Amino acid sequence: MAGGGVRWNDDDAGGPGLWRNDVTRYVAFLRGVSPMNAKMAELKRCFEAAGFDNVTTVLASGNVAFDARAGTELALARRIEAAMTRDLDRAFYTIVRSTEALRVLVATDPYKAFRVPAGAKRVVTFLREPPKAMVALPAEVDGARILGIAGAEIFTAYVPQPGNPVFMRLIEKTFGGEVTTRTWDTVKKCAAV
């Protein structure tokens, strides 16, 4: 429902209703999206056709903010993937977070406890659920470091090296391929929508 998600709810007895807010703002992080393989306008229309409101894309890297009745993040991700399969003839692996959870993440700034080199990129990797196996931290390969894990988010820092996506190899070797990754700056932008 557009317009902030507050609606009138009449009680079952026919008496006066109560104002309630049963709509939550979410961001879907789609794995592998780029301007070359997905048009943001098409993604927006796909989300709207799936019944989501107040849909907007953030940057051109597969971040879609939307309003929906509160539900589980996994159920929303599966609904989004089904809509993409139906409307776009392909689906991108999807991980969903509420904007409230993203705002809390940004406010806690998990990087402040670490000495991150100047020029290093801060990256958040999202999982659908917390990792099952314990990971010895910090883990490091060629300057890419997994600094911490909080729930289903992994915090990495690396100094970019041309043609060397070492941090993604480290993430996928440690956690598998069912992840999606965003820069810290992108996470902050998504938290603000």
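Report follows, based on the coordinates. On a predicted model such as this, the values are computed, not experimentally measured, just so you know.

### Observations concerning the packing of aromatic side chains
Overall, the coordinates contain eight aromatic pairs when judged by the stated rule. Each member of the aromatic cluster is reached from another via a ring pair, and the members are Tyr 26, Phe 47, Phe 52 and Phe 66.

### Description of the nonpolar core
Leu 30, Phe 47, Phe 52, Phe 66, Ile 80 and Val 96 are the most contacted members of the largest nonpolar core, which has 22 residues in total. Looking at this core, the elements with two or more residues in it are strand E3 (23–30), helix H1 (40–49), strand E5 (63–69) and helix H2 (73–88). With five residues, the single largest contributor to this core is H2. Aside from chain neighbours lying at most four places away, what touches Val 96 is Tyr 26, Val 27, Ala 28, Phe 66, Glu 73, Leu 76, Ala 77 and Ile 80. Of all hydrophobic cores here, the second largest spans 20 residues; its members include Tyr 111, Leu 147, Ala 157 and Cys 190.

### Comments concerning the side chain of Asn 63
Position of Asn 63 relative to the elements: it lies in strand E5. Looking at Asn 63, the relative accessible area reads 0%, which means it is buried. Among the polar contacts listed, one links the side chain of Asn 63 to the side chain of Arg 182, at a separation of 2.5 Å. In contact with Asn 63, other than residues within four places in its own chain, are Ala 28, Phe 29, Thr 56, Thr 57, Val 58, Arg 182, Thr 186 and Cys 190.

### Let's talk about the pairing of strand E4 (residues 53–58)
In terms of strand pairing, E4 meets E5 through four bridges, oriented antiparallel. The partner of Thr 57 across the bridge, within E5, is Val 64.

### Comments concerning the sheet that holds E5
Through backbone hydrogen bonds, the strands of a sheet pair up, either in parallel or in antiparallel fashion. Here four strands make up an open sheet; going across it, the order is E4-E5-E3-E6 and the pairing antiparallel. This sheet does not close on itself; its edge strands, each paired only once, are E4 and strand E6 (94–98). Taking each pair of neighbouring strands and ignoring which way they run, the sheet shows an average axis angle of 25°. Most of the contacts of H2 go to E6, to which it runs at about 135°, and overall it touches E3, E5 and E6.

### Quick look at the sheet that holds strand E8 (residues 139–141)
On the basis of which strands lie adjacent, the open sheet formed by five strands has the order E8-E9-E10-E7-E11 and antiparallel pairing. Edge positions in the open sheet fall to E8 and strand E11 (180–183), since each of these has one partner strand only. The mean inter-strand angle of the sheet, taken between neighbouring strand axes irrespective of direction, is 25°. Looking at chain direction, strand E7 (residues 121–126) and strand E10 (residues 153–158) are connected through six bridges and run antiparallel.

### Here we look at the pattern of salt bridges
According to the stated counting rule, one finds 12 salt bridges in the structure shown. Arg 103 is the partner of Glu 100 in a salt bridge, and the nearest nitrogen-oxygen pair spans 3.2 Å. Residue Glu 100 and its partner Arg 103 are located together in helix H3 (residues 99–108), separated by three residues, close to a single helical turn. A single salt-bridge network, built from bridges that share partners, covers Glu 73, Arg 97 and Glu 153.

Rules used throughout
Residues numbered from 1 in each chain as written. Predicted model: local features only at pLDDT ≥ 70, side-chain atom pairs only at ≥ 80, totals over all residues. Heavy atoms only, no water. Phe/Tyr/Trp six-rings, centres within 6.5 Å; stacked < 30°, edge-to-face > 60°. Core = buried A, V, L, I, M, F, W, Y, C linked by side-chain atoms within 4.5 Å. Buried < 20%, exposed > 50% of the residue type's maximum accessible area, 1.4 Å probe, protein only. Helix = DSSP H or I, 4+ residues; strand = E, 2+ residues; numbered from the N terminus. Contact = heavy atoms within 4.5 Å. Polar contact = N/O pair within 3.5 Å; in protein donor to acceptor, adjacent residues only side chain to side chain. Pairing = 2+ DSSP bridges. Axes fitted to C-alpha atoms, helices over the stretch in contact; angles between N-to-C directions. Salt bridge = Lys/Arg side-chain N within 4 Å of Asp/Glu carboxyl O.

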